[in-house]
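In case you want the letters, here they are:
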Amino acid sequence: NAGVTQTPKFRVLKTGQSMTLLCAQDMNHEYMYWYRQDPGMGLRLIHYSVGEGTTAKGEVPDGYNVSRLKKQNFLLGLESAAPSQTSVYFCASSFQGRMNTEAFFGQGTRLTVV
Amino acid sequence: LAKTTQPISMDSYEGQEVNITCSHNNIATNDYITWYQQFPSQGPRFIIQGYKTKVTNEVASLFIPADRKSSTLSLPRVSLSDTAVYYCLVGPLSGGYNKLIFGAGTRLAVHP
């Protein structure tokens, strides 16, 4: 089983460029999340989704947009990248009604904005 | 959401038992306690979850006192591979809780 797959694994962007990070899960989970993790810090929730077609803001949503057009995919977009968005991005998913248990994470996307 | 407090870092040696305590003074009646482990350059993974008393699995034990205002993750006989960050999360399993909020976690370093 693939679980949660993030694409790409690494990316370098120039300030002002845009990009989309893709998260795909094959576990039929309802809930999906995007986090960022800066060096030596915990994970901070950017956006999340409780089902296909729905999204909501997390702790640090500014500068990011998301879409959940298909249940298995959760896209994170940066419209105009800034150096402050240099971070490792993690996607996660979990079963509906079990939001605080057994969330499955992807391997992360390391993004550098120069 | 219940606020959690954990030590920032801990050090241990191979073969020792490690206990990491998490404080959650304003835990709600329907809240569960969940612990995640994150190895360097990987996403977190679920370790254990409990509501009260003691829970044990093949990885760890979780001790929760009667007042549930704290919990202790116990790792028996740690090895170098247990070096990781450990996160304590508190929240309800269902009923409209849509966010999975991680704190800073406890950075455990296991030494030879």
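Everything that follows concerns the structure shown earlier in this document.
From a predicted model like this one, the values you see are computed outputs, not experimental measurements.

Peer 1: Any chance you could explain the side chain of aspartate 82 of chain B here in plain terms?
Peer 2: Residue and element names in this part refer to chain B. Mapped onto the fold, aspartate 82 is located in the loop between strand S7 (70-75) and strand S8 (84-92). Buried charge aspartate 82 goes without a salt bridge, the closest partner of opposite sign being arginine 45 at 6.6 Å. Aspartate 82 has contacts with Gln37, Arg77, Leu108 and Val110, leaving out every residue within four places of it along the chain.

Peer 1: I would appreciate a short explanation of the layout of surface pockets in the present structure.
Peer 2: Here the idea is plain: a probe the size of a water molecule rolls over the atoms and shows the empty space left. Looking at the largest pocket, its volume works out to about 460 Å³. Considering the residues around the largest pocket, the lining is formed by 24 residues, among which Gln37 and Arg110 of chain A together with Pro40, Ser41 and Gln42 of chain B are closest to the centre. Those elements that provide at least two residues to the lining of the largest pocket are strand S9 (87-94) and strand S11 (109-113) of chain A together with S8 and strand S9 (106-111) of chain B.

Peer 1: What am I meant to see in the state of the cysteines here?
Peer 2: Two cysteines, two sulfur atoms, one covalent bond between them: this is a disulfide. Taken as a whole and judged by the stated rule, the model has 2 disulfides over all chains. The disulfide bridge from cysteine 23 of chain A ends at cysteine 91 of chain A, spanning 1.8 Å between sulfur atoms. When the S-S torsion is -75°, as for the bridge of cysteine 23 of chain A with cysteine 91 of chain A, the disulfide is left-handed. With cysteine 23 of chain A in strand S3 (residues 19-25) and cysteine 91 of chain A in strand S9, this pair connects stretches of sequence that are 68 residues apart. Judged on exposure class, the residue cysteine 23 of chain A and its partner cysteine 91 of chain A are both buried. One disulfide bridge connects cysteine 22 of chain B with cysteine 88 of chain B, the sulfur atoms lying 2.2 Å from each other. The disulfide joining cysteine 22 of chain B to cysteine 88 of chain B has a torsion of about -80° about its S-S bond and is therefore left-handed. Placement of cysteine 22 of chain B in strand S2 (residues 18-23) and of cysteine 88 of chain B in strand S8 is noted, with a sequence separation of 66 residues between them. Residue cysteine 22 of chain B is classed as buried on the basis of its relative accessible area, which comes to 0%. In this structure cysteine 88 of chain B comes out as buried when scored by relative accessible area, which is 1%.

Here is what the cut-offs are and how they apply
- Residues numbered from 1 in each chain as written.
- Chains lettered and ligands numbered in written order.
- Predicted model: local features only at pLDDT ≥ 70, side-chain atom pairs only at ≥ 80, totals over all residues.
- Heavy atoms only, no water.
- Helix = DSSP H or I, 4+ residues; strand = E, 2+ residues; numbered from the N terminus.
- Buried < 20%, exposed > 50% of the residue type's maximum accessible area, 1.4 Å probe, protein only.
- Lys, Arg positive; Asp, Glu negative; His and termini not counted.
- Salt bridge = Lys/Arg side-chain N within 4 Å of Asp/Glu carboxyl O.
- Contact = heavy atoms within 4.5 Å.
- 1 Å grid on protein atoms, 1.4 Å probe; cavity = no way out; pocket = protein on both sides within 12 Å on 5 of 7 lines; lining within 4 Å.
- Points joined across faces, edges and corners; volume = space filled by probe spheres on them.
- Disulfide = S-S within 2.5 Å.

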